[in-house]
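Spelled out from the first residue to the last, the chains are:
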Amino acid sequence: DYAEAHNNLGNAKKEMGQAKEAVHHYQRAVSISPHYAEARNNLGSAFADLGNLEEARQLFQQTLELVPRHPRALENLGSVLLRQGKADEALEILQRAVEQNPLSAQAKISLGQCLDSLVPLWHTPMMNDHPRNEAFQAALKALVTPDTRVLEIGTGSGLLAMMAAECGAKHVTTCEMSPLIAGTARKIIAKNGLSDGIRVIARESTQIEIGEDLPFSADVIVSEILSSEFLGEGVLSSIEDARRRLLSPGGKLVPGKGRIMVALVGGDDLGQRVFVESVCGFDLGLFNKITSRRRFVPAWAKMDLLSEGVTAFEFDFQTTDYFPPEHKQIKIPVQSEGICYGLVQWNFMEMAQGIFFENHPSLQAAASGWSHPVYLFEAPVRVRPGQTAVFKASHDRVTPWFSLGELG
């Protein structure tokens, strides 16, 4: 009936890899001494190791009821909440864990993982993409008047909403599904002195209701929710819904149109990223068989285009109510001789009439929220002018895909 001995024996069993035996002794320690916070925390850790996350979560919370600043219980609770997919709840717990134990590497790693899941890392380079920002700003200047009501989908930092407010919009509302990002955007907007003119709603656009969240339908809806492959993040369903429910008759969408562009791609630098052959005299080519046929290459990476850009799919957001899945063939004439690894994709947008933006691979942008998807052949192919590559192209409203049909 010695609780400390049972706790210590549980620690020893846990170190020996005998998790079930460890649980037994931690439970004995807790039953003997219900206020023994350390044993309760250790029992939670053992349950977490066994995959019993809900039991572990409850035990860590009970430990914190006994000792509110228990550093390991805070760290453990945050980690379990992350494993349960509850990053919003984990954030505050892990911040407290780091405050209580600034030297804990694991607490800082868990906090970093939590922030990565809540705030994707592409946000920062996207905000620093100056050509993109200038294109959005030019479109808003062309469309916004003192009577314009603007809705932004996807607040992020609040940059586009602040642009709209500075253009003199009558009302600006912006919505953001992440409470953390929405709260930070409110602070950024306040710091820039624009709180009176911008309302931030921490909700998805599909949950916004006219008359409740918005007093009136919007004259301009602006969004930058396109992904690297264009169709991620539920872009089509979000735009279709916003156009149908939230846009006033005759209202404008920014961007108004978009295209998925592709071209044949090669280059030694790209080859080093996507294929392996002989290394130090050893043939490693079979490793290519187990790697993905689609890779995401940074916007600043160097690559050689072996053809002109071709429009694979086109989307007129301004006039189209619904975009069904598509399946087609596209033909791409070879323009330059070289080793071709596959297709590179990029995004082209018409923001407003006469205002365009694209993340063309030749730009090698220093900062961009988009990378370039590359759809690889089974093996590199030497191509020459006069040949035409025929691809099977499809999209299911969520992601596009391209595969080589023939090269003739």
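Refer to the structure above for everything that follows.
In this report, we go over the structure that sits alongside the text. (Residues numbered from 1 in each chain as written. Predicted model: local features only at pLDDT ≥ 70, side-chain atom pairs only at ≥ 80, totals over all residues. Heavy atoms only, no water.)

If you tally the helices and strands in the protein chain, you get 13 helices and 17 strands. Referenced to the eigenvectors of the C-alpha coordinate spread, the extents of the protein chain come out at roughly 85 × 70 × 35 Å. By the burial criterion, 48% of the 408 residues in the protein chain qualify as buried. Restricting to contacts in the protein chain with at least 6 residues of sequence separation, those with at least 24 account for 70%. Within the structure as shown, the protein chain displays about 20100 Å² of accessible surface, and the carbon and sulfur contribution to it stands at 51%. Side-chain charges in the protein chain split into 39 positive and 48 negative, and the spacing between the mean points of these groups amounts to 1 Å. (Helix = DSSP H or I, 4+ residues; strand = E, 2+ residues; numbered from the N terminus. Buried < 20%, exposed > 50% of the residue type's maximum accessible area, 1.4 Å probe, protein only. Contact = heavy atoms within 4.5 Å. Areas by Shrake-Rupley, 256 points an atom, 1.4 Å probe, with all protein chains shown as cover. Lys, Arg positive; Asp, Glu negative; His and termini not counted. Charge placed at Lys NZ, Arg CZ, Asp CG, Glu CD.)

A complete count under the given rule lists 12 aromatic pairs for this structure. On the numbers, 5.8 Å between centres and 75° between planes, the contact of Phe317 with Phe323 is edge-to-face. Of the two residues examined, Phe317 and Phe323, each falls in the buried class. With a centroid separation of 5.7 Å and an interplanar angle of 35°, the aromatic rings of Phe348 and Phe356 are classed as tilted. (Phe/Tyr/Trp six-rings, centres within 6.5 Å; stacked < 30°, edge-to-face > 60°.)

On to the packing of helix H3 (residues 37-49) against helix H5 (residues 71-83). The geometry of H3 relative to H5 is characterised by a closest axis approach of 10 Å and an angle of 25° between their N-to-C directions. Classified by the angle their axes make, H3 and H5 are roughly parallel. Between H3 and H5 lies a crossing of left-handed hand. Where H3 abuts H5, its residues Glu38, Asn41, Ser45 and Ala48 lie against Arg72, Ala73, Asn76, Val80 and Arg83. (Axes fitted to C-alpha atoms, helices over the stretch in contact; angles between N-to-C directions. Parallel < 35°, antiparallel > 145°, perpendicular 65-115°, else oblique. Left-handed = near helix turned anticlockwise from the far one by under 90°.)

So, on to the side chain of Ser157. Position of Ser157 among the secondary structure elements: in the loop between strand S1 (149-153) and helix H10 (159-166). For Ser157, a relative accessible area of 17% translates into the label buried. Within the structure, the side chain of Ser157 is placed 3.4 Å from the backbone nitrogen of Leu159, a separation counted as a polar contact. Excluding anything up to four places from it in sequence, Ser157 contacts Met127, Met162, Ala185 and Ile188. (Polar contact = N/O pair within 3.5 Å; in protein donor to acceptor, adjacent residues only side chain to side chain.)

The amide bond that connects Val254 to the next residue, Pro255, takes the cis arrangement and shows omega of 0°. Relative to the helices and strands, Pro255 is located in the loop between strand S5 (247-254) and strand S6 (257-266). Look at Phe230: it is not a glycine, yet its phi comes out positive at around 80°. Secondary-structure assignment places Phe230 in the loop between strand S4 (218-223) and helix H12 (235-245). Positive phi is not limited to glycine here, since Arg397 has a value of about 80°. Position of Arg397 relative to the elements: it lies in the loop between strand S16 (388-395) and strand S17 (400-407).

Along its 14 residues, helix H4 (residues 53-66) runs 20 Å from first to last C-alpha, staying within 8% of the 20 Å computed at 1.5 Å per residue. For H4, the full list of buried residues reads Leu53, Ala56, Arg57, Leu59, Phe60, Thr63 and Leu64. Down the axis, H4 shows its buried residues gathered within 165° of arc, on one side only. Residues of H4 that are buried make contact with H3 and H5. (Expected span 1.5 Å × (residues − 1). Arc of directions from axis to C-beta.)

Here the focus is the side chain of His395. Along the chain, His395 turns up in strand S16. Here the side chain of His395 touches Arg397 through a polar contact of 3.1 Å, landing on its backbone nitrogen. The contacts of His395, once residues within four sequence positions are left out, are Leu231, Leu236, Phe313, Phe315, Pro324, Pro325, Glu326 and Pro400.

Attention now goes to the sheet that holds S4. Spatially, five strands are ordered S3-S2-S1-S4-S5 in an open sheet, and the strand pairing comes out parallel. Unpaired on one side and paired on the other, strand S3 (198-201) and S5 mark the two borders of the sheet. Across the sheet, the mean angle separating the axes of adjacent strands is 20° when strand polarity is ignored. Relative to S4, S1 runs parallel, the two sharing four bridges. If you follow Val150 over to S4, its bridge partner there is Val220. Sheet strands in contact with helix H9 (residues 130-143) are S4 and S5, and its direction is about 175° off that of S4. (Pairing = 2+ DSSP bridges.)

If you trace the three strands from one edge of the open sheet to the other, you get S12-S16-S17, paired in antiparallel fashion. Two strands lie at the open edges of the sheet, namely strand S12 (326-333) and S17, each paired on one side alone. Averaged over all pairs of adjacent strands, the angle between strand axes in this sheet comes to 25°, irrespective of strand direction. Judged from the eight bridges that link them, S12 and S16 form a sheet pairing that is antiparallel. Within S16, the residue paired with Lys331 across the bridge is Val390.

The values reported here are purely geometric and, on their own, carry no functional implication.
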